[in-house]
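# Remarks on the overall topology
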Amino acid sequence: MSITLRDTVLTYPDGDTRLRALDNVTFAVERSELVAVTGPSGSGKSSLLAVAGLLTVPDSGTVVVDGVDTTGLSRAQRTTLRRERLGFVFQQSNLLASLTATEQLLMMTHLGGGRVRAQRERARDLLSGLGLGSHLDKRPNQLSGGQRQRVAIARSLMNDPSVLLVDEPTSALDEARSREIVGLLATLARERDVAIVMVTHDLAQLDLVDEVYEMHSGVLTRNASTAAA
Ligand SMILES: Nc1ncnc2c1ncn2[C@@H]1O[C@H](COP(=O)(O)OP(=O)(O)OP(=O)(O)O)[C@@H](O)[C@H]1O
């Protein structure tokens, strides 16, 4: 398994009591799998991504990333593991306005160190592989919403992650573009052997994913009827 959450509990203060944002969540995604997590607003989906992404430490339970049990790791150790094994794609691609597509990807290497020439080649290969070969030097305002989301996906792959955590990738896109992006994620999962967890409200694309989970009031359940595989 590339990412496993076992009996994970996350609470927040809520007046005199505590709200259970994750209520004994158990969840595992293998490499080459694309899994969708749906559920109403406030049900705990962002909390799930934050815990899986090692950004938030749960109150109890276990998070295992690529075979590494993260329980008890220091903040620095979690940061290293995150940088080496995890990739993130956010709702609104989060690109920097002043940088070209290639530079958005190279930013990741400044953060992580590494040789610029080899990284530039890798950035170009990734962008070309995602159909952006003729847009390498374009800035976000010169790209469509779907192209921007592709740049964000390419950027998330720079460190060759084992796990990709994707938050509402289609919320700013029309139906056809949404389908392309989810289809692309399904292909990437298989071709790059990466485990992808995608939070989404976009029920129209669920036939493209391997498994569908539903979150309700912090409780995660597998939805067998809508899963394609
Ligand atoms: N920092 C916080 N402090 C207190 N309560 C919080 C905090 N963050 C989230 N919550 C609460 O935890 C619950 C789960 O929130 P979460 O953001 O994970 O839901 P979500 O499913 O991602 O919602 P949305 O679809 O609207 O993004 C909600 O009831 C929310 O109000």
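Each chain has its residues counted from 1, running along the sequence as written. Only residues with pLDDT of at least 70 get local features here, since the model is predicted, and only at 80 or more are side-chain atom pairs given and counted; chain-wide, interface and lining totals rely on the full set of residues.

## Some remarks on the overall build of the chain
By the criteria applied, helices consist of DSSP H or I runs no shorter than four residues and strands consist of E runs no shorter than two, each listed in order from the N terminus. Scanning the chain for helices and strands turns up six helices and 10 strands. Relative to the globule expectation of 17 Å for 229 residues, the C-alpha radius of gyration of the chain, 17 Å, shows essentially globular dimensions. With respect to the three principal axes, the spread of C-alpha positions in the chain is 55 × 40 × 35 Å. Remark: residues whose backbone-derived C-beta atoms lie within 7 Å of one another are considered to be in contact. Counted over contacts in the chain with a minimum sequence separation of 6, partners at least 24 positions apart contribute 68%. Each radius of gyration is computed over the set of C-alpha atoms, and the globule rule expresses the reference value as 2.2 Å times the number of residues to the power 0.38.

## Re unusual backbone geometry
Positive phi, close to 55°, is recorded for N24, a residue that is not glycine. Note on placement: N24 falls in strand β2 (residues 17–29). In this scheme every C-beta is placed from the backbone, and a residue whose C-beta has 20 or more other C-beta atoms within 10 Å is buried, one with 12 or fewer is exposed, and one in between is partly exposed. Classification of N24 by C-beta neighbours within 10 Å gives partly exposed; the count is 15. Of note, the phi angle at D160 is positive, near 50°, even though the residue is not glycine. On the basis of neighbour count, D160 is assigned to the partly exposed category, with 13 C-beta atoms found within 10 Å.

## Structural notes on the packing of helix α5 (residues 145–156) against helix α6 (residues 175–192)
Contact geometry for α5 and α6: axes closest at 10 Å, N-to-C directions at 15°. Comparing the axis directions of α5 and α6 gives the class roughly parallel. Like other packed secondary-structure pairs, α5 and α6 cross with a definite hand, here right-handed. Here G145, G146, Q149 and I153 of α5 come into contact with α6, specifically with R177, E180, I181 and L184. Every axis corresponds to a line fitted to the C-alpha atoms, with the helix fit spanning only the stretch in contact, and the corresponding angles, defined between N-to-C directions, vary from 0 to 180 degrees. Throughout, the term roughly parallel applies to angles under 35 degrees, roughly antiparallel to angles over 145, roughly perpendicular to angles from 65 to 115, and oblique to all others. Working rule for handedness: look at the near helix, and if it is turned counterclockwise from the far one by less than a right angle, call the crossing left-handed; if clockwise, right-handed.

## Notes on the sheet that holds strand β9 (residues 211–216)
By the convention used here, strands pair only if DSSP detects at least 2 bridges between them. Read across the open sheet, the six strands follow the order β6-β7-β8-β3-β9-β10; overall the sheet is mixed. Each of the sheet's edge strands pairs with one partner strand only, and the pair in question is β6 (86–89) and β10 (219–222). When strand polarity is set aside, the average angle formed by the axes of neighbouring strands in this sheet is 20°. Alignment of strand β3 (residues 34–38) against β9, held across four bridges, turns out to be parallel. Counted as the bridge partner of V35 is E211 from β9.

## Structural notes on the sheet that holds strand β5 (residues 68–69)
Within the open sheet, the four strands sit side by side as β2-β1-β4-β5. Their pairing is antiparallel. Across the chains shown, the open sheet's two edge strands, defined by having one partner strand only, are β2 and β5. As defined by bridge partners, strand β4 (residues 60–65) adjoins β5 across two bridges and the pair is classed as antiparallel. Within the sheet, the bridge partner assigned to V65 lies in β5 and is V68. Where helix α1 (residues 45–52) meets the sheet, it contacts β1 (3–14), β2 and β4, and its direction lies at approximately 120° from that of β1.

## Looking at the site of the ligand
Using the backbone to place each C-beta atom, any residue with that atom within 6 Å of a molecule or strand is considered near it. Close contacts around the ligand come from Y12, L19, A21, G39, S41, G42, S43, G44, K45, S46 and S47, and that covers them all. Of all the secondary structure elements, the ones that give two or more residues to the shell around the ligand are β2 and α1. Basically, the charged four are Asp, Glu, Lys and Arg, the nonpolar ten are Ala, Val, Leu, Ile, Met, Phe, Trp, Tyr, Cys and Pro, and anything else, Gly included, counts as polar. Grouping the constituent residues of the shell around the ligand by class yields three nonpolar, seven polar and one charged.

## A look at the confidence of the model for the chain
Across the chain, the average pLDDT comes to 92, with 95% of residues at 70 or higher. Taken over the whole predicted complex, pTM reads 0.92, whereas the ipTM for its chain interfaces reads 0.95. Per-residue confidence from the predictor is reported as pLDDT, which spans 0 to 100.

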